[in-house]
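Summary of the model geometry
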Amino acid sequence: MIDQLAALYRYLPLMLYFAWGDTKGRYRRSVLGPFWLVIGTAAGVFGLSFIWGGLLKVDRATFVPTLAVGIVVWQLIAGCVAESPSAFTRNAAVMRNLKTPYLIFPLQLMLRQLINFVHNLVVVVVVLIVFPPPLGATQLLVIPGMLLLVGNLLWIVILFGMLGARFRDIEQTIGVLIPLMFFLTPVLYRPEQLGAMEQFAWLNPFTYMISLIRDPIQGFAPAPFVYLISASMLLVGWWATLWLYGRRHDRIPFWV
Amino acid sequence: MAHIKFENVTVQYPIYNAHSLSLRNQLVRISTGGLLEKESSNVVTITALSGVSFELNEGDTVGLVGHNGAGKTTLLRTMAGIYPPAVGEIQRQGRVSTIIELGAGLDIELSGYENIVRMGMLLGSSHGEMEAAIPGVEAFTELGDFLSMPVRTYSSGMIMRLMFAVGTAIRPEILLIDEMFGTGDAAFQEKAQSRMHELISTAKIFVFASHSQDLIKKYCRRVFSLEHGTLTELNAPISVAVHGIARTGPDAPPPATGQTVAAVPPSAGIKVKKPVGNVVVANPTYAQDGLYTLHCVDFMSDERFAKAYAAGEATGSWSGAAVHWRVYVACWFAEGASSLEGDLIECGVNRGGISRAIVSYLGTKLQDKRFYLLDTFQGIPVTILSDREMLHNKYFKENYTECYQDVLNTFREFPQVSVVKGLVPDTFDKVDSERFCFVHIDMNNAISEMAAAEYLWPRLVVGGCMLLDDYAWVINVDQRQAFDRFAKQRDMTVLALPTGQGLLMKTREASDTRAEAISNS
């Protein structure tokens, strides 16, 4: 699989072209195009900070950035996870009729989600201008955080892409679980705000993924165990994915 | 260098009914300790291809025929590398382009132009290459302004044009097309044809599944027939070699005819007992000339036969293929008949391989005889071929070329041999003899062979034989039916030999005169 991944380098322009084409295609004939995405996120952040800010009576200066970064990162995570089981099945027609490396499909999904993510960053930037965090070297931790996040999402997309092609219930299951996870994951709030329940939040892998990005942006470094667990997830996840892919990738064209 | 080689390839795929695709059943299976395995793992494994072997080289054009569900599409997908084989080995070299399912690889929301780039990139071209290919595709498809419209507004004929144009624009070395190629109007068919000829002339591999005999005849030199996942080559070219063993000669018209490649026992090519002192063929095996046997093959090491075979082979009739079993049968009968009264005659000579072998094998036994060789020496006029025979016409055209002068040279030193050029039965006027002891018929078409049989049978002496080279080959339906009728009218049956030959022995004169009366009336 490693050499297959390496061979994919050649297909990078193709995947980017397709991911961008998909994004464009979705907003075809609309005036604003992909910026509808940004508007959607902005509206979400604005509305939620208005309501939750009022309900929870918290300091908007920390609450709104928490929520904005949380939502944007969550959209990336949820987008990848929710679509991962159909990564291969959605491309069944192509896979059955043209000789293409299988892995371009999950990677294309990942790239599309990253394109959306980059668009959404506009909202984060605006929020951070309005409510500036204390700037410092801590913000640089976003870079390893982002690498860990994307690295983890990548194996999830490939692994669940395979599982979703073989077991058709997985897509439905994940579809049901994602909205629930939105509330169980500290997206709108911070894990500390849970009080005694905080330890349960750390059983949720998504909590780590969000902390990796959000904490450095807001000016404090995530705890070492966040990195430790994320790196372990990365290793174990890729190991399992490579193992399954190595054993079963031959079957993918028959599953889709 | 385009090349595809399949070696004993079996493709199996699981069919998951809704039942087994669900995770619930897998969980139930685990939780019940596999007790429910039989019910819950409802996976049906379909063997779509079984033991398929063939080799395609540059310039090969293959028509794929078979019923719906025979495995044509699976074979195309396996050739393209989309489906992996469960067993066997596949070698493939060259850039592949596939047009299998109408619309696959196209995004119907995007315009024709965007889809040209998109599909081209999926087939392995770069963005820049596809941009450059657009004018060519524009001109080929003649879709004009439609190319700016979303593909969902296209008719299926228009989608076919677009897919075909893109699929061929990327300069594929291996082009695989499924049957829907037949879509499209006459104008498109014409353009497609010239594009195909262009591709074929640049020495690429083209495989094409179709139910249309016309299209297959038009484009394809080789025909593969699939039945229940088993592949049979209908008219093998000269040098098809599976494991290097199943070589068959061009001399017998459709050499590998009906030779189900999978039927050769797997060990056939490997465990070869080499007969001591063999001088007949370079790589003798027990699986050659359409045969697989464990029986004694002493004739292979008989020096007289080896010389005869070498003489026949030197004529170039067999193009290096191993046809020793057939030649052996022909020599044996010719020798047996040579003690009888009458002369020998061969209708359908080509370059004279078998007749040269017989001349050599009989040696002095031929001294007081005449041996007539009748052929056009330039192939079969298409006008006498039936529709079924026309299917193999391309093959004949390539293997039977002008060779009159060569044949004259071959037999120059044998005064007993008369080479008669022309179409049977007209040329019987030039045959002086009225009695024959050995008749060899190999003309690859029913009309000529029947005319020859009707003329020669009454002139065959009792004890003489008529050897039919094409009789038992699976595709020679017309010839077989004609000879079965011919035999029935004379209260006989044709002996079908495992070599693909058919044999009629004349045992009595009486029935013959009756038959002659019938045929004359």
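Below: a short report on this structure.

Thresholds, definitions, all that
- Residues numbered from 1 in each chain as written.
- Chains lettered and ligands numbered in written order.
- Predicted model: local features only at pLDDT ≥ 70, side-chain atom pairs only at ≥ 80, totals over all residues.
- Heavy atoms only, no water.
- Contact = heavy atoms within 4.5 Å.
- Buried area = accessible area lost by both parts, 1.4 Å probe.
- Salt bridge = Lys/Arg side-chain N within 4 Å of Asp/Glu carboxyl O.
- Polar contact = N/O pair within 3.5 Å; in protein donor to acceptor, adjacent residues only side chain to side chain.
- Helix = DSSP H or I, 4+ residues; strand = E, 2+ residues; numbered from the N terminus.
- Nonpolar A, V, L, I, M, F, W, Y, C, P; charged D, E, K, R; others polar.
- Buried < 20%, exposed > 50% of the residue type's maximum accessible area, 1.4 Å probe, protein only.
- Pairing = 2+ DSSP bridges.
- Expected span 1.5 Å × (residues − 1).
- Axes fitted to C-alpha atoms, helices over the stretch in contact; angles between N-to-C directions.
- Parallel < 35°, antiparallel > 145°, perpendicular 65-115°, else oblique.
- Left-handed = near helix turned anticlockwise from the far one by under 90°.
- 1 Å grid on protein atoms, 1.4 Å probe; cavity = no way out; pocket = protein on both sides within 12 Å on 5 of 7 lines; lining within 4 Å.
- Points joined across faces, edges and corners; volume = space filled by probe spheres on them.

Listed by partner, the interface residues are 29 residues for chain A and 34 residues for chain B. Where chain A abuts chain B, roughly 2,800 Å² becomes buried across the two surfaces, and 60% of that area is made up of carbon and sulfur atoms. A per-residue breakdown of the area chain A buries against chain B is headed by Asn97(A), Leu98(A) and Phe254(A), which together make up 23% of the total. Linking chain A to chain B there are 0 salt bridges. Counting across the chain A and chain B interface gives 5 residue pairs in polar contact (both at pLDDT 80 or more). At the level of secondary structure, the elements contributing two or more residues to the side of chain A that touches chain B comprise α2 (12-26), α5 (92-97), α7 (142-166), α8 (169-184) and α12 (252-255) of chain A. With 6 residues, the top contributor of residues to the side of chain A that touches chain B is α2(A). Tallied by class, residues from the side of chain A that touches chain B come to 16 nonpolar, 2 polar and 11 charged.

Scanning all chains against the criterion turns up 18 salt bridges over all chains. In this structure, the salt-bridge partner of Arg190(A) is Glu192(A), at a minimum N-O distance of 3.0 Å. Under the relative-accessibility criterion, Arg190(A) is labelled buried at 11%. For the salt bridge of Arg95(B) with Glu129(B), the shortest nitrogen-to-oxygen distance reads 3.8 Å. Pair noted here: Arg95(B) is in the loop between β4 (87-93) and β5 (96-99) and Glu129(B) is in helix α6 (residues 127-141), with a separation of 34 residues, a long-range link.

All names here are of chain B. Most of strand β16 (residues 460-468) sits inside the fold, with 7 of its 9 residues counted as buried. Here strand β15 (residues 436-441) pairs with β16 via 5 bridges, running parallel. Following the sheet pairing, Phe-438 is matched in β16 by Cys-465.

Time to look at helix α10 (residues 303-314) of chain B. Residues and elements named next belong to chain B. The terminal C-alpha atoms of α10 lie 16 Å apart, and with 12 residues this matches the ideal 16 Å at 1.5 Å per residue to within 8%. If you check which residues of α10 are buried, you get Phe-305, Ala-306, Ala-308, Tyr-309, Ala-311 and Gly-312. Taken together, the buried residues of α10 touch α11 (324-337) and α12 (353-362). In this structure Asp-302 caps α10, since a side-chain oxygen of it lies 3.2 Å from the backbone nitrogen of Arg-304.

Further remarks concern the sheet that holds strand β13 (residues 371-375) of chain B. Residue and element names in this part refer to chain B. Here we have 7 strands laid out as an open sheet, ordered β14-β13-β12-β15-β16-β18-β17, and mixed in their pairing. The open sheet terminates on both sides in strands that have one partner only, identified here as β14 (417-421) and β17 (495-496). In this sheet, β15 lies alongside strand β12 (residues 343-347) in parallel orientation, the contact comprising 5 bridges. Counted as the bridge partner of Leu-344 is Phe-438 from β15. Those strands touched by helix α16 (residues 446-456) are β12, β15 and β16, and its axis lies near 175° from that of β15.

Another aspect to go through is the packing of helix α4 (residues 60-83) of chain A against α7(A). All names here are of chain A. Put simply, α4 and α7 touch, their axes get as near as 9 Å, and they point 20° apart. In terms of orientation, α4 lies roughly parallel with respect to α7. In the crossing of α4 with α7, the sense of the turn from one axis to the other is right-handed. Across the interface between the two elements, Val-73, Leu-76, Ile-77, Cys-80 and Val-81 from α4 touch Met-146, Leu-149, Leu-153, Ile-156 and Val-157 from α7. Here the contact of α4 with α7 is composed, by residue class, of 10 nonpolar, no polar and no charged.

We now examine the environment of Val44(B). Residues and elements named next belong to chain B. Relative to the helices and strands, Val-44 resides in strand β2 (residues 43-57). Each C-alpha atom, one on Val-44 and one on Tyr-16, is 6.7 Å from the other, the two residues being 28 residues apart in sequence. Contact partners of Val-44, with chain neighbours within four places excluded, come to Tyr-13, Pro-14 and Ile-15.

Glancing now at helix α7 (residues 156-169) of chain B. All names here are of chain B. Taking 1.5 Å as the rise per residue, α7 with 14 residues should run 20 Å; its terminal C-alpha atoms sit 19 Å apart, in good agreement. In terms of burial, α7 is largely enclosed, as 12 of its 14 residues are buried. In the segment just after α7, Arg-171 is the residue with positive phi, at about 55°.

On to empty space enclosed by the protein. Residue and element names in this part refer to chain B. Throughout the structure, instances matching the rule amount to 8 cavities of 30 Å³ or more. Considered as a void within the structure, the largest cavity measures approximately 260 Å³ in volume. Around the largest cavity, the lining is made up of 28 residues, and of these Gly-348, Asp-375, Ile-380, Asp-442 and Met-443 lie nearest the centre. Each residue belonging to the lining of the largest cavity can be placed in one class, and the counts come to 12 nonpolar, 12 polar and 4 charged.

Turning our attention to the environment of Gly21(A). Its place among the elements puts Gly21(A) in helix α2. In this structure the C-alpha to C-alpha distance between Gly21(A) and Arg112(A), which are 91 residues apart in sequence, comes to 9.2 Å.

By themselves, these are just geometric observations and shouldn't be taken as functional.
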